[in-house]
2 protein chains.
Amino acid sequence: MTTADLRNQAASLAERVRAGNPRALARVISMIENADASIRSVMKDLTPVPARARVIGLTGAPGAGKSTVTGALIKAFRQAGVRVAVLAVDPSSPFSGGALLGDRVRMADHATDSGTYIRSMASRGQLGGLAAATPQAVRALEAAGFGVVLLETVGVGQAEVEVASAADSTVVLVVPGMGDDIQAAKAGVLEIADVLVVNKADRPDVQPTVRDLRNMVALSDADWKPPIVTTIGTTGEGIDELVRQLDRHWTWLGETGERDRRRMARASDEVTALALGAARERLAVPGELAARVAAGELAPHDAAAELLASAGL
Amino acid sequence: MTTADLRNQAASLAERVRAGNPRALARVISMIENADASIRSVMKDLTPVPARARVIGLTGAPGAGKSTVTGALIKAFRQAGVRVAVLAVDPSSPFSGGALLGDRVRMADHATDSGTYIRSMASRGQLGGLAAATPQAVRALEAAGFGVVLLETVGVGQAEVEVASAADSTVVLVVPGMGDDIQAAKAGVLEIADVLVVNKADRPDVQPTVRDLRNMVALSDADWKPPIVTTIGTTGEGIDELVRQLDRHWTWLGETGERDRRRMARASDEVTALALGAARERLAVPGELAARVAAGELAPHDAAAELLASAGL
């Protein structure tokens, strides 16, 4: 195909995404995931997006019930007439191939509803790839007209924090009686949670867990104190309250200007990551330079300076 | 202090590291951890290193007994007259502050032995920081004359793979009866293991676990098939065999040229990471550019291209 053909193909792909075609959307997200060479042109054709979506992050340890709570949130937003997309991101392993098992189950529930789109995404290539891919996927979903994007990730480690930073509001799920795990995750949870959810609230030890979280929140001197909501994802109990607290946070974000600040910071990080990715492509380390560093003769920082200079950077 | 004073200070720090002074070494590794501004000059003063160390990675899920096996390996190498450093790297969380609890315990065992140095290192700042910091810390330990560096990490996720890539040989520890966990980690384990260790071999279900691993190894078409060693870290049982298999792998690395290939690749990655870090410092996204991306008006790739052009890159 000629360059013009490729451009036309990208344009019609973008058009189909705008029309809400799920297969076109799936294709674009795969291109983003694989850092396909023509993604830049597709992203250009998807710009400007009609409106930014409200992005809600959902994270928690394996077994915290993220899938059922996500399912219940989909239902709640759909009942309010909002088109909802779910992006399930697995940053924990480059080996998973991106299949979160919950997907197919939940997909079946919503398969006939064109107002719902569910997709999982994994890290291909180097670490940091997801931090660049996630906001691009969100943008494609915005172009397709989704009003809410639920961003589901596992855990509260460094990678999850990066993914969570793509969200306007982040929900952290814990289950009752996690005890030590909560202790260990405390600092991390406080760092990223806008709303705390104690899921599986039909289990014992709900109150001690809630109390533990409340004490933790009380120590924070942040302007927004994360509310604590108890839910039972499987029955939908507490989901209305979760939606209410998310709405409250959304209003707070708007009134304080924090929403714009977060989105500016997010855009800035995204642009930096893409610029560095482009810079990386121009930086091929010559074998002779690598050999001198490998032999311990040349300091790596000096080799880096040589490399940048030789690339004209 | 003048620039000349700072240079002199860095030089004398490097001198003390070369003399094997543990406090100077600790200070340099902290500087590496915190990406201190003067680390480049210190690394320059530490170059050339007298000899590259043999770097052995040790990884496994929490509870696999990494600390006891590391302790037993220290003992074995010390008995052979080799100076051993342990770098315990925690890539799982930016919040841990770098304290692996096992440290103080093991430190007490070897505190009076100047041929042993144990240090933990955590990720400060952005992801990928550890991938850059680890080889620098190894280099400082080489300058201090350590012949073997044991690189201990938790888990087998993406971050651990990056850390493991700094090792010449990687040992993956599992415990008997992990069943599903092994299933889940299989691909990852095979990807990075040079030697597989079934630790806590006094527990039931050792044989099924060994068989499971053997079947897995048999499917691999790699030139080096990871041997499977059973150990009891607490008593030291099986450690001699582990050392023997590590020696066998070390010989194989040398004979096939794989050692040089790995070290070249490692040096190349290290230089690229440092060059990108330096490039990042020159890339400040202007507010107006971030605002247009945040509003969805400008495609992020186009903003990145504008940024690179304006930085003269």
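So, how was this worked out
- Along each chain, the written sequence defines residue order, and numbers are assigned to residues from 1.
- Ligands are numbered from 1 and chains lettered from A, in the order in which they are written.
- In keeping with the predicted nature of the model, local features appear solely for residues at pLDDT of at least 70, side-chain atom pairs appear and are counted solely at 80 or more, and the whole-chain, interface and lining totals rest on all residues.
- Numbering of helices and strands runs from the N terminus; a helix is a DSSP stretch of H or I covering at least four residues, while a strand is a stretch of E covering at least two.
- The contact criterion used is a C-beta to C-beta distance within 7 Å, with each C-beta placed from the backbone.
- Only the stretch in contact is used when a helix axis is fitted, and all axes are lines through C-alpha atoms; the angle between N-to-C directions ranges over 0 to 180 degrees.
- Oblique is the label for every angle not falling under 35 degrees (roughly parallel), over 145 degrees (roughly antiparallel), or within 65 to 115 degrees (roughly perpendicular).
- Should the near helix be turned anticlockwise from the far one by less than a right angle, the crossing is termed left-handed; should it be turned clockwise, right-handed.
- Amino acids outside the nonpolar list (Ala, Val, Leu, Ile, Met, Phe, Trp, Tyr, Cys, Pro) and the charged list (Asp, Glu, Lys, Arg) are all regarded as polar, and Gly is one of them.
- Residue burial here comes from a neighbour count, namely the number of other C-beta atoms, placed from the backbone, that lie within 10 Å of the residue's own C-beta, with 20 or more meaning buried, 12 or fewer meaning exposed, and in between meaning partly exposed.
- Paired strands, in this sense, are two strands between which DSSP finds at least two bridges.
- Definition of nonpolar core: a set of buried Ala, Val, Leu, Ile, Met, Phe, Trp, Tyr and Cys residues joined via C-beta atoms within 7 Å.
- Every residue carries a pLDDT, the predictor's confidence in it, which falls somewhere between 0 and 100.
- It is the directions from the helix axis to the C-beta atoms whose arc is reported.
- Take the residue count of a helix, subtract one, and multiply by 1.5 Å to get its expected span.

Along its length, chain A carries 13 helices and 7 strands. Excluding contacts between residues fewer than 6 apart, the proportion of contacts in chain A whose partners are at least 24 apart in sequence is 76%.

The next point concerns the packing of helix α11 (residues 258–281) of chain A against helix α11 (residues 258–281) of chain B. A pair of packed helices can be characterised by two numbers: the angle between their axes and the separation between those axes. Viewed as axis vectors pointing N to C, α11(A) and α11(B) meet at an angle of 135 degrees, and their least axial separation amounts to 10 Å. On the basis of the axis angle, α11(A) is oblique to α11(B). Both α11(A) and α11(B) take part in a crossing whose hand is right-handed. Residues A:Thr272, A:Leu276, A:Ala279 and A:Arg280 of α11(A) touch α11(B), and the partners they reach there are B:Thr272, B:Leu276, B:Ala279 and B:Arg280. The class makeup of the residues in the contact of α11(A) with α11(B) is 4 nonpolar, 2 polar and 2 charged.

What follows is about the pairing of strand β1 (residues 54–60) of chain B. Residue and element names in this part refer to chain B. Taking burial as the measure, the 7 residues of β1 include 7 buried ones, the bulk of the element. Side-chain alternation along β1 places Arg54, Ile56, Leu58 and Gly60 on one buried face and Val55, Gly57 and Thr59 on a second face that is also buried. Two strands pair when backbone bridges link them, and β1 and strand β5 (residues 169–174) are joined in this way by 5 bridges, in the parallel orientation. Bridge pairing links Ile56 to Ser169 in β5.

All names here are of chain B. For Pro286, the position within the fold is in the loop between α11 and α12 (287–294). Look at Pro286 and you get partly exposed, because 14 C-beta atoms sit within 10 Å. Residues Pro286 and Leu307, spaced 21 residues apart in sequence, show a C-alpha to C-alpha distance of 8.3 Å.

We now examine the pairing of strand β4 (residues 148–154) of chain B. Residue and element names in this part refer to chain B. Within β4, 7 of the 7 residues are buried, which leaves it mostly tucked inside the rest of the structure. Along β4, one buried face is formed by Val148, Leu150, Glu152 and Val154 and the opposite face, lined by Val149, Leu151 and Thr153, is buried too. In this structure, β1 lies alongside β4, joined through 7 bridges in parallel fashion. If you follow Gly57 over to β4, its bridge partner there is Leu151.

Moving on to the nonpolar core. Core analysis: the largest hydrophobic core is formed by 166 residues, its most contacted members being A:Ala140, A:Val149, A:Val271, B:Ala140, B:Val149 and B:Val271. Once you skip the residues sitting within four places of it in the chain, B:Val149 turns out to touch B:Ala53, B:Val55, B:Ala85, B:Leu87, B:Val138 and B:Leu141.

Attention shifts here to the confidence of the model for chain A. All names here are of chain A. Scored by pLDDT, chain A comes out at a mean of 83, with 81% of its residues at no less than 70. The model gives residues 93–105 a pLDDT under 50, and that stretch makes 23 contacts with residues more than four places away or in other chains. Two numbers describe this predicted complex: its pTM, 0.68, and its ipTM, 0.80.

A separate point is helix α13 (residues 300–310) of chain A. Residues and elements named next belong to chain A. For α13, the set of buried residues is Pro300, His301, Ala303, Ala304, Leu307 and Leu308. Looking down the long axis of α13, one finds its buried residues gathered within 155 degrees of arc, a one-sided arrangement. Exposed residues pointing more than 90 degrees away from the buried face of α13 are listed as Ala309 and Ser310. Phi for Gly312, located one or two positions after α13, is positive at around 75 degrees.

Let's shift gears to the packing of helix α12 (residues 287–294) of chain A against α11(B). One can describe the packing of α12(A) onto α11(B) by two numbers: an axis separation of 8 Å at closest approach and a directional angle of 100 degrees. The orientation of α12(A) with respect to α11(B), classified from their angle, is roughly perpendicular. Side by side, α12(A) and α11(B) meet where A:Leu289, A:Ala290, A:Ala291, A:Val293 and A:Ala294 of the first sit next to B:Arg263, B:Met264, B:Ala267, B:Ser268, B:Glu270 and B:Val271 of the second. Of the residues in the contact of α12(A) with α11(B), the class split is 8 nonpolar, 1 polar and 2 charged.

All names here are of chain A. Cis peptide bonds are those with omega within 30 degrees of zero, and the linkage from Thr47 to Pro48 qualifies with -5 degrees. Tracing the backbone shows Pro48 in the loop between α3 (39–45) and β1 (54–60). Residues other than glycine seldom take positive phi values, yet Lys200 does so here, at roughly 60 degrees. Counting through the fold element by element, Lys200 comes out in the loop between β6 (195–198) and α9 (206–218).

Within the element layout of this structure, A:Pro22 appears in helix α2 (residues 22–33). Residues A:Pro22 and A:Thr116 lie 94 residues apart in sequence; the distance between their C-alpha atoms is 9.7 Å.

As a further point, take helix α10 (residues 239–256) of chain A. Residue and element names in this part refer to chain A. The end-to-end C-alpha separation of α10 is 26 Å, in line with the 26 Å expected for 18 residues at 1.5 Å each. Among the residues of α10, Ile239, Leu242, Gln245, Leu246, His249 and Leu253 are the ones counted as buried. In an axial view of α10, the angular spread of the buried residues amounts to 120 degrees, which keeps them on one side of the axis. Opposite the packed face of α10, turned more than 90 degrees from it, sit the exposed residues Arg244, Asp247, Thr251, Gly254 and Glu255. Positive backbone phi, approximately 80 degrees, marks Gly257, located one or two places after α10.

Residue and element names in this part refer to chain B. Secondary-structure assignment places Arg54 in strand β1. Taking C-alpha positions, Arg54 is 6.2 Å from Val149, a pair spaced 95 residues apart along the chain. If near-sequence neighbours (up to four positions away) are discounted, Arg54 is found in contact with Gly147, Val148, Asp168 and Trp250.

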